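Okay, here's what each chain looks like letter by letter:
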Amino acid sequence: QVQLVESGGGLVQAGGSLSLSCAASGSIVSINAMGWYRQAPGKQRELVATITNRGVASYADAVKGRFTISRDNAKNTVFLQMNSLKPEDTAVYYCNAGVFTATPLGLNDYWGQGTRVTVSS
């Protein structure tokens, strides 16, 4: 099995910064795309940013220019640097990864448990 463990959430004032990280572990052969999603209270989960295994990043319009996604392939870790945070960024942030495993054999989607980010006005 594969586990994704997130860290770095917390409370910050508007305009501040936070950095999230997510480390994947388990019977990993390779990891394709990794990404961050978020779910605000009463809303559906939405894509924040993704990054391919070659480092090509894409972002939701709401976070472009403020958030930066990156990854360390050697450590199976993805990061999200969040700057100029706004109250509307308040949500639980989830890490996602497409992981190819040997046991069971195949490519599957895995999710972290979520880390809460609260931005006060």
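Scroll up to find the structure this text is about.
Positions within a chain are numbered from 1, following the residues in the order the chain's sequence is written. With the structure being a predicted model, the display of local features is reserved for residues of pLDDT at least 70 and the display and counting of side-chain atom pairs for 80 or more, all residues being used for whole-chain, interface and lining totals. In computing side-chain properties, one takes all heavy atoms of the structure into account and sets aside hydrogens as well as water.

S.K.: Mind showing me how you'd approach the overall build of the protein here?
M.R.: Runs of H or I in DSSP of at least four residues are treated as helices and runs of E of at least two as strands, each being numbered from the N terminus. When helices and strands are counted, the protein shows zero helices and 11 strands. Counting from the amino terminus, helix and strand elements in the protein follow one another as β-β-β-β-β-β-β-β-β-β-β. Radius of gyration means the value over C-alpha atoms here, while the globule rule gives 2.2 Å times the residue count to the 0.38 power. Taken over the C-alpha trace, the protein has a radius of gyration of 14 Å; the compact-globule value for 121 residues is 14 Å, and the two agree within 12%. Along the first, second and third principal axes, the C-alpha atoms of the protein reach 45 × 25 × 20 Å. Three labels apply to residues, based on accessible area from a 1.4 Å probe with only protein chains included: buried if under 20% of the type maximum, exposed if over 50%, partly exposed otherwise in between. Per-residue burial over the protein gives 39% buried out of 121 residues. Two residues form a contact once any of their heavy atoms are found within 4.5 Å. Expressed as a percentage of contacts within the protein between residues at least 6 apart in sequence, the contacts between residues at least 24 apart total 56%. For every accessible area listed, the method is Shrake-Rupley and the probe measures 1.4 Å; residues are considered covered only by the protein chains on display. Carbon and sulfur atoms make up 50% of the accessible area of the protein, which totals about 6,300 Å². Measuring between centres, the 10 positive side-chain charges of the protein sit 2 Å from its 7 negative side-chain charges. The charge count treats Lys and Arg as positive and Asp and Glu as negative. His and the chain ends do not count. To locate a charge, take NZ of a lysine, CZ of an arginine, CG of an aspartate or CD of a glutamate.

S.K.: Before we go on, may I ask you to explain the state of the cysteines in this structure?
M.R.: Here is the idea: a disulfide is a covalent bond, and it sits between the sulfur atoms of two cysteines. Pairs of cysteine sulfur atoms within 2.5 Å are identified as disulfides in what follows. As enumerated under the stated definition, the model contains one disulfide in all. Between Cys 22 and Cys 95 runs a disulfide, and the two sulfur atoms are separated by 2.1 Å. Between Cys 22 and Cys 95, the S-S torsion sits near -80 degrees, and that sign places the bridge as left-handed. With Cys 22 in strand β3 (residues 18-26) and Cys 95 in strand β9 (residues 91-101), the pair connects residues that are 73 residues apart, well separated along the chain. Owing to a relative accessible area of 0%, Cys 95 belongs among the buried residues under this scheme.

S.K.: Just to check I follow, could you spell out the pattern of salt bridges for this structure?
M.R.: Opposite charge on two side chains makes pairing possible when the charged atoms of those side chains draw close. Salt bridge, as used here: a side-chain nitrogen of Lys or Arg that lies within 4 Å of a carboxyl oxygen of Asp or Glu. Taken as a whole and judged by the stated rule, the model has four salt bridges. In this structure, Lys 64 and Asp 61 form a salt bridge, with 3.2 Å as the shortest nitrogen-oxygen distance. Accessibility classification places Lys 64 together with Asp 61 in one group, the exposed group. In this structure, Arg 66 and Asp 89 form a salt bridge, with 2.7 Å as the shortest nitrogen-oxygen distance. Of the two residues, Arg 66 is situated in the loop between β6 (57-59) and β7 (67-72) and Asp 89 in the loop between β8 (77-82) and β9; the sequence distance between them amounts to 23 residues. Assessed through its relative accessible area of 11%, Arg 66 is described here as buried. Asp 89 sits in the buried class, given a relative accessible area of 0%.

S.K.: What is the right way to read the packing of aromatic side chains from this model?
M.R.: In summary, the pairing rule links any two rings of Phe, Tyr or Trp, Trp by its six-membered ring, whose centres are within 6.5 Å, and it sorts them by plane angle into stacked for under 30 degrees, edge-to-face for over 60 and tilted for everything else. Enumeration according to the criterion identifies one aromatic pair in this entry. Summarising the aromatic geometry, the rings of Tyr 37 and Trp 111 are spaced 5.0 Å apart at their centres and angled 65 degrees between planes, so their arrangement reads as edge-to-face. With Tyr 37 in strand β4 (residues 28-39) and Trp 111 in strand β10 (residues 106-111), the pair connects residues that are 74 residues apart, well separated along the chain. Working rule: Lys NZ or Arg CZ, within 6 Å of ring centre, within 35 degrees of ring normal, means a charge sits over the ring. The ring of Tyr 94 is capped by Arg 45, whose NZ or CZ atom sits 3.7 Å from the centre of that ring. If you follow Arg 45 out to its NZ or CZ, it ends over the ring of Trp 111, 4.7 Å from the centre.

S.K.: Where do I start with the nonpolar core in this structure?
M.R.: Counting residues in each nonpolar core, the largest one holds 30 residues, and the members touching the most others are Trp 36, Leu 80, Met 82 and Tyr 93. If you tally residues by element for this core, the top one is β9, at five residues. As used here, the term nonpolar core means buried Ala, Val, Leu, Ile, Met, Phe, Trp, Tyr and Cys residues forming a set that is joined through side-chain atoms within 4.5 Å.

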